[in-house]
Every structure is written in C-alpha cells, then in structure tokens.
Amino acid sequence: MNRITKKFQEKQADEKLMSLFITAGYPDLESTVDLILGFEKNGADVIELGMPFSDPLADGPTIQYSSDVAIEKGISIDKIMDMVAEIRKHSEIPIILMGYMNPVLRYGVSKFCDRAKEVGVDGFILPDIPVEESGLIEKEADNVDIPIIYLVAPNTTDERMSLADEKSNGFVYCVSVTGVTGARSGEEVSQSVNRFIERVGENVTKNPKMIGFGIKSFDDAQKIAEKADGFIVGSALINKIKEVYPQQNWKDHVFDFVHSLKFGK
Amino acid sequence: MQATEIKTKYDQPNNRGYFGDYGGKFVPEILIPAITALEEEYQKAQNDPEFLQQYHELLEEYVGRPTKLTFADKLTAHYGKAKIYLKREDLCHTGAHKINNAIGQILLARRMGKTRIIAETGAGQHGVATATACAKFGMQCIVYMGAEDTVRQKLNVDRMRLMGAEVREVTSGSKTLKDATNEAIRDWVTNVEDTFYIIGSVVGPHPYPMMVRNFHRVIGDETKRQILEKEGRLPDYLVACVGGGSNALGLFYPFMDDDVKIIGVEAAGYGVDSGQTAATITKGTPGILHGSLSYLLHDANGQIELAHSISAGLDYPGIGPEHSYLHDSGRVQYHAVTDEEAMEAVKLLSQKEGIIPALETAHAFAWLENLMPETSPDEIVILNLSGRGDKDMKTISENL
C-alpha cells in the first residue's frame, strides 16, 4: 500500500496529521536528510520535499529565498533523488516531491517518474500543473503507480473540487486562502477557512483533506485544520531554519519548533 | 471607421490554447477561475459589435490609427536593392505598438467589473501604455518593473508615475522583465478577485497569447491594405523584432496564408554563444515559464537563465508559444543580432530617415544587413517600426 494512504489509515480519529514542506538543499545540501529524519522523530507524518525552481511564481519571499540558496549550492533532481534514497535506508515516512514542472520536464518526465519509484517517492505535487495540463505527466506517473496530488483553493468551483478528488490519491491539498505561500497571519486565515473546508468536505469525498498556507504555530494548526484531516507547514519552518542556522545545535532548535507544531508546548 | 479583420485559414491555437505543441495554461489552481472567466468574456467581446466598435474607435481617435506605411526612400537607396517600407507603430500614442493591446485589455477588464489593474514591464512601453489606458478610464494601476530597468528606462518610470500609476521596483532575481512578471503573477494570485492582469506580450497562460496577438493584428490588417493600395501587391518579406513577440505577431498574423517570407529577429546580446543573450529560439529548448510551454533559455537543471540584451524590452528568457510553433513549422525564420549590430542600426535609421527607433525595433533593422543583399530591386520588404527611441536615449548615448 502507498505509504501516504497507510499513514491516514493509522491516524487516530482526533489526530491531525502534520505534513512539513522543506526545500531540498536548504539551508545546505548536507542537512536535508538529517532534517527530515529529525522531523519524523518530532512528529512529522508526511514530508513534502521541495524541488527548487528559479522562478517559483506561486511562492512568497520565504520559499523564493530557500530555493535560491539551494540552487546556489548546486541542488539538482539527481541529488534530490539521492536524498530520498538515503532517507529510505532509515525511514518509511511518506515523501512527496513538490515543485514546478520545468525542472521535471528538463530532466525527462519518464526518467523522473522511474527514478522516483526506484528511490521510494510516494507522490507528486506540481503547483503549476492544473488538471487540464496533467497529460504532461499523468501517464508516466501512473505507470510507476505514483499518485499526483492536486490542489484546491477557496475560489475553486465545486466541479473542479470533485475533479481534483477524483484525480488525486493520498490526499487533496487545500490552499486555505488565495495568495502565495507564507506571508499572512493565522488569524486572517482562520476566519474564512471553515466555510471553505466545509465546501471541500461536500466535494472531496474519496481523499483525506490536508490544509496549508499561513500556518505558523500549534494554535494556528488546531484552528485552521479543525475540519480537515491534517495540516501543512512550509514557510514558517523555513523561517525558523533561517533564524537559527548556522548557530550551534541549530537543528535542535528546528526540531523543538517542529515538535511544538504537532504537540503544542 | 471599424477596421475589418482579414480572414485567414491559419487557425492556431486550438481550444485548449495550444499552438501545435506549445502554449497551454500552466498556472496554479487559484488562477484557473480567473483565466476561465477571461476566456469566456473575451469570446463574448470578440463577437460583440459594441465592444469592437468601442475598441476601434479608441484606436482611431485616441491612439491615432491607422498608422502610416512609410516608404523609406533613403534606406532603400542605401542598400540599392528591394524597396523598404516602414509600418509606423512609433507614431502610436505613447510611442509604440503596446497601446493597441492595453486598450483592448482594459475594455475587457471593465466588462468584467475589475477595478484594479496590474502589469509587468521591461522597457516600460507596456507599462506606459497600461498607465495611459488606466488614466483614461480612471482605474487603479500598479506596474511591476525590474530595478535594473527602472534605471535604464527612467523616462518611462516618470511617465507612468505622472499618469498616476504606482511603479513597484522588483529586486528579486535578475531584476528585469522575467522577475517583474513573477511579481505581477504573485500579485494576481493574491488579489485575484478584484484584479485584472494586463499582460504586455503574446506570453502567459491561454488565452493571453491568442488575445494579445488579436489585439495587435490591426498592425498587419492595416499593412496589408496599405501595401495593396501603394504597390498593388503583397510584400516579399516581413521583418519584425521578437522579445515576447507581440509586435511581430501583430504584423505577421494576417499574412500567414500568403506567399510572403516572414522573419523574426531576436536579441543576441553579446552574441548567441556568449552566454549573455536573449536569443530564445536560436539558443533555447522547450520548457515552461510564466504559464505556457514554449522555447526557453534554461540550464541543464531546468533553472531559467538570465537573458541579456541592450534592449530592456527584449531582455527576456522566454518567447510567446506561437513563435515556437511558427519556428518548428518553418513558417517564420528566426535570426538574432547583437547589441552592437542593433546600435549600428539605430544610427543608420536616424541618419538616413530621421527616425530614431527604439532599441528593440533596431534589432529588426539590423537584420537588413544580411537580408538586403539577397533581395532584388523589384521586391518589397516591410519592417515593423514598433517603437520610437526617445526612451532609450540614455543607453544610446552611452553606446555611441
């Protein structure tokens, strides 16, 4: 069984799963594997491993910054695949590769899917591939049995939500507000989010629902993910790393933050 | 007078926004409702006589169309070969062709009830055109412009601000058009409910490449009528510069079915193999940037490379998807000229014809050095004089 599906099956009824987004190669190429293994020990249930792109047009300044650093340090899809292979020696945590399509296209879609299967990737999230354009990778991903996870947003119509549900496998990624990643307060998000999640609930019936964008703390997560199966944290985690790297024991500070996101203080 | 559109058999793109293998809509889910609504509204507007009349009236009374097709007798004599005609888009209000599209899109924005306009700009010509249209219609206007471009095109920044637009300097990445476009898209993603994004070239997700081309086809429609009137026959060659490629497609589109050789000229920067170039078709390979699949300048890891051109309007690592299609199909020939060659062309046109072209436009003229020797005196060449060079005087002076 797919590791993502298994994880949701094991979930306690009142538990919220936590998915963490980390840019591969940030803050440096050497730390990514250790960070992910540490995230798992501190409560992460799913990992979204970001494949950096020079022009991330759905991302705010935080993820732009981490992508630039990783590219500067020489990140590549081959290196990302090696990182996943290394993690798989120690862990069965679900890993989703997340990134824009151009690096994948340049790498070669078939080669990308084959290699992802080989190293133990569990899903793909491609924010610039709406369902209309999924033909570019759908068949190749299907051949190696790796699901594509689609996104829905507050302005997504009911019909498209159903379509995203039908096409996704593992979960549906719910973007809590219109906007780029990061850069807004949890308060701002929670006000409008419940109605959105209710609507998602009416239209997304096959898959669990994970909600992301704007979650910075345990309290944010509890509020925003009240009606979802779990939550996603990205920019806030990158900001924490940026704050403590490369102090002594910087990873421990990051792991404490991760622990607090899932379990509170 | 409502200009009639010349019918063509050429029928790109398909209903999914593909020109052959290129185009599409590679955008985040958040933007799907916006581009779907735009597509629907544009289809309606295209068939609405009232909309078309308003658009063509503004082009005539406000932009100053039709623009002239000027016989360049001195330049013709200089080469001593084919007759050279200039399609005078430099005579449009604001000094370049960009206003045709800005007017069309702002009318659409108003139909859709949007109150806030955003745009990206490189050379500043599209920014100025958008700021102009917004002033005329009393709309809020925000223009994203790379910090490098706000320096080399300061005159245009001042013009936009004078007309009430807010110019936001973009300091990410290469600080040029590519990054201004990223920021405009991020603004759009954030403010999609009330904001209309006026894209300035035949790039971006469907329906933009098709729509922007159609708002510029008036250039080619007029040219065709004018040359038939003056010469009683179609030209042998059409030449235009290509960055994103809007002035070129505006001129080329109505001639697609005709027995006319069509040439697009890209910016080679310091040279196509210098690593400092903007010659996307000549040096690039297919990829996805800013919502569509097209030729791109990118490295082996698929990271977008920084383009270079002396001309801020051509300094872009991508190109409209229709150009990629026309290149692959062989219908249009693409070539590239260097910064230096473009500067020589600025001097030649200024001295021979008393017309200072924009640096973008000068790239098309530079290709005459290669093209003219192959032509004969009974042939006709038409160049799109897409913009005037006042905005470039600082760069031109530094390179004289």
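Residues numbered from 1 in each chain as written. Chains lettered and ligands numbered in written order. Predicted model: local features only at pLDDT ≥ 70, side-chain atom pairs only at ≥ 80, totals over all residues. Heavy atoms only, no water.

Novice: Explain the nonpolar core here, please?
Specialist: One recurring pattern in soluble globular proteins: nonpolar side chains tend to sit buried together. Formed by 193 residues in total, the largest nonpolar core has its most connected members in F39(A), F112(A), F124(A) and I137(A). For this core, the element with the most residues is helix α9 (residues 208-231) of chain B, which contributes 8 residues. One finds V346(B), F365(B), W367(B) and L383(B) within the second-largest nonpolar core, a separate group that totals 33 residues. (Core = buried A, V, L, I, M, F, W, Y, C linked by side-chain atoms within 4.5 Å. Buried < 20%, exposed > 50% of the residue type's maximum accessible area, 1.4 Å probe, protein only. Helix = DSSP H or I, 4+ residues; strand = E, 2+ residues; numbered from the N terminus.)

Novice: I tried to follow α9(B) on my own but got confused; where do I start?
Specialist: All names here are of chain B. A rise of 1.5 Å per residue sets the reference length of α9, with its 24 residues, at 34 Å; its end C-alpha atoms lie 34 Å apart and thus fit the reference within 8%. The largest bend in α9 is about 40 degrees, located at F215. By the criterion of burial, α9 is predominantly enclosed, with 19 of the 24 residues buried. (Expected span 1.5 Å × (residues − 1). Bend = angle between axes of the 7 residues up to and from the residue.)

Novice: What is the right way to look at the pairing of strand β10 (residues 261-269) of chain B in this model?
Specialist: The side chains of a regular strand alternate, residue by residue, between the two faces of the sheet. All names here are of chain B. Within β10, 8 of the 9 residues are buried, which leaves it mostly tucked inside the rest of the structure. For strand β9 (residues 237-241) and β10, the ladder comprises 5 bridges, and the chain directions are parallel. Paired with Y237 across the two strands is K261, which belongs to β10. Note on the crossover from β9 through helix α10 (residues 246-252) to β10: the handedness is right-handed. By the bridge criterion, 7 bridges tie β10 to strand β13 (residues 332-338) in an arrangement that is parallel. The partner of I263 across the bridge, within β13, is Q333. (Pairing = 2+ DSSP bridges. Right-handed = clockwise from strand over helix to strand, strands pointing away.)

Novice: Before we go on, may I ask you to explain unusual backbone geometry in this structure?
Specialist: Cis geometry marks the peptide bond from Q12(B) to P13(B), where omega comes out at 0 degrees. For P13(B), the location among the structural elements is in the segment before β1 (18-19). Of the consecutive residues R65(B) and P66(B), the connecting peptide bond is found in the cis state with omega at -5 degrees. Among the secondary structure elements, P66(B) is positioned in the loop between α2 (49-63) and β3 (69-71). A positive phi angle, near 65 degrees, is found at D145(A), a position not held by glycine. With phi around 60 degrees, K175(B) is a residue other than glycine that occupies positive phi space.

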